[in-house]
Amino acid sequence: QVQLVESGGGLVQPGGSLRLSCVASGSIFSSRIMGWYRQAPGLQRELVAHIGSSGRPNYADSVKGRFTISRDNAKKMVYLQMNSLKPEDTAVYYCNTVPMTVEQDFFPWGQGTQVTVSS
């Protein structure tokens with residue numbers, strides 16, 4: 001059973017930084033693309049960053065140059081370093097896989113971690 005647990009969120013001022021962490025159980029982690037999603041009130045869930053099994057990162061335009069995704073396959077961890085945070089980054093952040101084939105699906109969603117950017 002795959003379990004995802006996110007942590008590291010909090011309240012920061014605009015321009016501040018946070019580092020989110022996600023730990024994944026199960027043995028399939030290392031072969032999957034992993035991503036960070038966020039969902040703000042009234043908005044659809046958005047994939048903000050993802051990283052391939054070998055470490056190739058990709059970012060949504062809204063976070064390019066500010067966020068850095070990384071992973072540690074040995075520890076089954078995914079990280080999101082968030083710098084230069086903006087109020088519009090406020091959301092609940094989740095980690096999960098990014099399904100790439102019809103045989104793949106999301107893992108069960110974790111609880112997420114709240115990121116609030118406000119003065």
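Residues numbered from 1 in each chain as written. Predicted model: local features only at pLDDT ≥ 70, side-chain atom pairs only at ≥ 80, totals over all residues. Heavy atoms only, no water.

Considering the pairing of strand β10 (residues 113–117)
Burial along β10 is one-sided: T113, V115 and V117 are buried, while Q114 and T116, pointing the other way, are not. Alignment of strand β2 (residues 10–12) against β10, held across 3 bridges, turns out to be parallel. What sits directly across from G10, in β10, is V115. As defined by bridge partners, strand β9 (residues 91–97) adjoins β10 across 3 bridges and the pair is classed as antiparallel. Among the inter-strand pairings, V92 is bridged to a residue of β10, identified as Q114. (Buried < 20%, exposed > 50% of the residue type's maximum accessible area, 1.4 Å probe, protein only. Helix = DSSP H or I, 4+ residues; strand = E, 2+ residues; numbered from the N terminus. Pairing = 2+ DSSP bridges.)

Focus: the packing of aromatic side chains
In total, this model carries 4 aromatic pairs according to the counting rule given. Where Y37 meets F106, the ring centres are 6.0 Å apart and the plane angle is 75°; that geometry is what we call edge-to-face. Here Y37, found in strand β4 (residues 34–39), pairs with F106, found in the loop between β9 and β10; they are 69 residues apart in sequence, far enough to count as distant. A relative accessible area of 31% places F106 in the partly exposed class. (Phe/Tyr/Trp six-rings, centres within 6.5 Å; stacked < 30°, edge-to-face > 60°.)

Quick notes on the pattern of salt bridges
Evaluation of the coordinates by the stated rule reveals 4 salt bridges. In this structure, R38 and E46 form a salt bridge, with 2.9 Å as the shortest nitrogen-oxygen distance. Between K64 and D61 there is a salt bridge, and its shortest N-O distance comes to 3.0 Å. Given a relative accessible area of 63%, D61 falls into the exposed group. Residues participating in the shared-partner salt-bridge network are R38, E46, R66 and D89. (Salt bridge = Lys/Arg side-chain N within 4 Å of Asp/Glu carboxyl O.)

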